[in-house]
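# Geometric and topological summary
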Amino acid sequence: MNSEPIEFTDMGKYNSHTDLTSNKSTKGGFFVSTAKAFILVLLAILIAVVIGLIVHFAGSGKEVVCKCSEVPASSSIADRLTECKTLAVQGNMDICTACSKGGMTMSTTTAPPTTPTKPDVRLPRHLQPIFYEVELQPHMYNDQPKTFTFDGSVRIQIRCVEASNNVTLQINKLNITRGSLLFGREGAGSAPNIKSWEEDTTRQFLIIHLDGDLTVGATYFVQMEFAGPLKDDLAGLYLSKYDYNNETRYVATTQLQPTDARRVFPCFDEPAIKARFNITLVRKSNKKTISNMPIAQSIPRADDWVADVYYTTPKMSTYLLAFIVCDFEVITETTQNNIEYGAWATPGKTDQATYALDTGVKILTYFEEYFNISFPLPKQDMVAMPDFSAGAMENWGLIIYRETAMLYKPGVSSEGNKQRVAVVVSHELAHQWFGNLVTPSWWDDLWLNEGFASFVEYMGVDYCHPDWKMFEQFVVEDLQDVFDFDGLTTSHPVYVPVGHPDEINEIFDRVSYAKGASIIRMMRFFLGEDTFRLGLTKYLKRKEYDAAFHDDLWQALTEQAQSEGKSIDVKSIMDTWTLQMNYPTVTITREGNNLRLTQKRYLRDPSAVDPMKYTSDFGYKWEIPFTYTTSIAKHFNKSDADVKWIRKTETETAIVGEGLPPITDGDGWIIGNVQQYGFYRVNYESSNWLALIKQLNTDHKVISAINRAQIINDAWNLVTSGDLDITIALKTLEYLNKEEDYVPREAARIQIAFVERMLSKSPVYGAWKKFMLSRIQEPFSRWTMNNTGASHLDSYVRSLVVSTACDYDLPACISDAKSLFKQWMDNPSNNPINPGIKTKVYCTAIKYGGVAEWDFAFEQFKTAEVAAEKVRLLQGMACSQELWILRRYLLKAIRKEDIRKQDTLSVIIYVSTHAYARSFTWDFVREHWNTIKEDFAVSLFAFSNMIGRVTRAFNTEFELQQLEEFMKSQSDFGSGERAFTQALEKAKTNIKWINQHEKTIENWLAGLRYD
Ligand SMILES: [Zn+2]
């Protein structure tokens, strides 16, 4: 799945750059399932410096808080916690005594109620489905969508692998037709009879009890008919609609990942349980159907119905099935290797699908060659769906996209829109191998799917558009982006135990996607490109049509490396990156001709309370592939042969420096982590930082674009963690008016946006704004708003420059924007604004305009025929400074008045972006919490994303308190739980940040004569 529901168009972003895309359970704490009748939750909270140790413990209905109010010797804290945790898991009430060891005093109080714990939801393994026959028939042929339903039948062939007297499969929100349930043995031989059946709604199980045991090795069948509602809930088989020629047309479509195939038909709905499927979709004669395979035959039935019978699928997972009943139009091409490739869209929009189709055709063949494995299906379809919760879904042979991720119209869509289409197309095609052909054994290895697709997507786009410098963009889009999230104690390991669907939904987050991709990029670097590729092919071939565990991948890569004489054990390296959360900072100290390297766990707030939901077997030490260059060597093109390993067992590594500048040279510098291939930050002695800044100010191009972005990102984040003086970070912005490359500019934009959020309510803001204006005036007059004929990346840079200029109220920017918008209002059929700058122009004109501008934008929104244009207008309308207009807008969004359900949470986020509307949006979210949670939390990513976005500027005790109170007042956050815990951790870090740095920033600005 592609995880980008929040769309920011012109910035070249298909990405949301949230500080906080997701989440982690707070109250759910530590998930344990035991054979006992109760499940225990432990929240062992370590308040390291000031308070001491608190252990929340709940079990057998008892809830106890042990408050250990004295600080124990620091070395014993970790031991105590481990001991407490073990006791809690065992349900042992001696926990408080254990806590009080080591000189800690203890008091016991009643804890606040904890969230209900999640049950174990895995299927028993005694039966193996082999073959399904599924028939589905949506009923959506009148004008009353509330009455729409679907019904169907399923017949499953199952093999018994272990004797047992029940058939247990999964079901959710379906009604089984009375009397339709049948069970028997295939071929000759007798079978036990059905004694009774029941539905366990908590575990989403359908359990059929038999009057005798099944025979190991025998094949049985189970069959039934069922019916379910067809609603606009974006999950399972759901309803989408669009208007065409003033008429509403309905579409039935699916989104089954991760656990919603069971909402469409009863099945064994786990990724490793693969089978073959014969699908039949029944439609009225004026509709079409699409599924994973081509149609084998269409059989007319009574009352104008037609049954489309599909060819049998290869062995596959249930979550990758897809079914669509629609009246879309299609354009087709054939790939070099004879795969039929179709691109579907609502009538009249297929001309916008040609770019996606061309790109898909190229990339599919490129991946076949790269992986050296042919695409196994005879056809591939892409469909642009009017309502879709994620960015896209990689259903095998039938990839479904939201319109903005697939449709592109030159002249209307921007370069950013184009890149997003290319990236999502590439991502979903990568899944056809990673995920579809070889599937993770369980959702705990989701990252194998998503991390790989998120890395390989860059390869596909780079193949089509080398001038886009995708692998440079990687560091700001993914690596630095997820550094933020993964610098929290409420992060999670890449490989993470999950059970309940809420927990599964929760890990579709930036760690699985972006950290997954970043550590795979690191691995490709230290293995070398050829070793990496050959190892991948080995892994895919070995596990095709099957499920895999991450160790299978490590083994294939290790075998490949060792066969080439490289002594690398991939598992021992990669386990340190996948089994523990967070990442290290490497500090480089110069000692004569040697470099002393030390590693330390990076945390945004080292004093943050670690919920201890996850512990580390490596003591938060990593196997780090270290590289460096210097002002003498200036060697930015490193390979695996240049890697110096910092081992997890070493606290300190000394290496003999090569190409070091003379120690007396004040301008000489060292840069660690060349091209930021490694997933770690680098810190230096302050003399080295100052030499790097001097280099940026004199001739920044001596340092590679990626490393310039790294210097900015590391400096600011080392300030947050308390490891660097903020004046160094501020100095990294001084050279910015000369920076013309996208990647370092984007890195700077993200840090500047953070500072803006922190300072927006501070008296220092005025001086900060003056400084920012001084940095943007000259670039704005150089770049201007004329984006005609700009190259892809120049268009990105211009968008950034215009954005900053208008955001900081540069008069020239505001007047240009207003005048362009006025020209459009005067002649609505002719929009004179270049797509590359539209978002900021719309925003600025509406921000400084009144209700007339807003209403004009809303009319344009309603009639816009290009989805990307609709998104830009949605963003623009969020810029109004009039609260009544914003409230009217938010109400329209939650009432779905002309705004699609898939966009509602984005509208809330857009509004919350603006300093003047932040607390207003937070109030609105709380006021309408139940509606938002019940109606819109179905989207896997958007809900967590919304929570993180709306709260991310919180930096006062008052706001923190409000957040805590709100969290206390709610009993269940569903898949938004981790987002709230992280919001809390972020708010605390922000408070600390503003308290520590406000004065220094003021002084620094005053020193530059901004006050
Ligand atoms: Zn994906």
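Residues numbered from 1 in each chain as written. Predicted model: local features only at pLDDT ≥ 70, side-chain atom pairs only at ≥ 80, totals over all residues. Heavy atoms only, no water.

## Digging into the sheet that holds strand 11 (residues 205-210)
Ordered in space as 7-11-10, the three strands form an open sheet in which the pairing is antiparallel. The open sheet has two edge strands, strand 7 (166-170) and strand 10 (194-200), and neither has a second partner. Along the sheet, successive strands turn relative to each other by an average axial angle of 15 degrees, direction set aside. (Pairing = 2+ DSSP bridges. Helix = DSSP H or I, 4+ residues; strand = E, 2+ residues; numbered from the N terminus. Axes fitted to C-alpha atoms, helices over the stretch in contact; angles between N-to-C directions.)

## A look at the pattern of salt bridges
Side chains bearing opposite charge may pair, as long as their charged atoms lie close to each other. Tallying each qualifying case throughout the model produces 56 salt bridges. The residue aspartate 387 makes a salt bridge to arginine 900 at a minimum N-O spacing of 2.7 Å. Taken together, the positions of aspartate 387 in the loop between strand 22 (379-385) and strand 23 (392-393) and arginine 900 in the loop between helix 23 (883-894) and helix 24 (901-912) put the pair 513 residues apart, joining distant regions of the chain. With relative accessibility at 8%, the residue aspartate 387 sits in the buried group. For arginine 918, the salt bridge goes to glutamate 756, with nearest N and O atoms at 3.2 Å. Here arginine 918, found in helix 25 (residues 918-927), pairs with glutamate 756, found in helix 16 (residues 742-759); they are 162 residues apart in sequence, far enough to count as distant. Residue classification places arginine 918 among the buried positions, given a relative accessible area of 11%. With relative accessibility at 15%, the residue glutamate 756 sits in the buried group. (Salt bridge = Lys/Arg side-chain N within 4 Å of Asp/Glu carboxyl O. Buried < 20%, exposed > 50% of the residue type's maximum accessible area, 1.4 Å probe, protein only.)

## Concerning helix 7 (residues 470-485)
With 16 residues, helix 7 ought to run about 22 Å at 1.5 Å a step, and its terminal C-alpha atoms sit 22 Å apart, in line with that. Within helix 7, 14 of the 16 residues are buried, which leaves it mostly tucked inside the rest of the structure. (Expected span 1.5 Å × (residues − 1).)

## Side note on the packing of aromatic side chains
One pass over the full model with this rule turns up 58 aromatic pairs. Each ring, one from tyrosine 583 and one from tyrosine 602, has its centre 5.4 Å from the other, and the planes form 10 degrees; the classification is stacked. In this pair, tyrosine 583 sits in strand 27 (residues 583-591) while tyrosine 602 sits in strand 28 (residues 594-602), placing the two residues 19 residues apart along the sequence. Of the two residues, tyrosine 583 and tyrosine 602, neither departs from the other in class, the shared state being buried. When the ring of tyrosine 742 is compared with that of tyrosine 796, the centres are 5.0 Å apart and the planes differ by 70 degrees; the resulting orientation is edge-to-face. Of this pair, tyrosine 742 sits in helix 16 while tyrosine 796 sits in helix 18 (residues 792-807), placing them 54 residues apart in sequence. The side chain of arginine 681 reaches across the aromatic face of tyrosine 602, ending 4.7 Å from its centre. (Phe/Tyr/Trp six-rings, centres within 6.5 Å; stacked < 30°, edge-to-face > 60°. Lys NZ or Arg CZ within 6 Å of the ring centre and 35° of its normal.)

Purely geometric numbers; function is a separate question.
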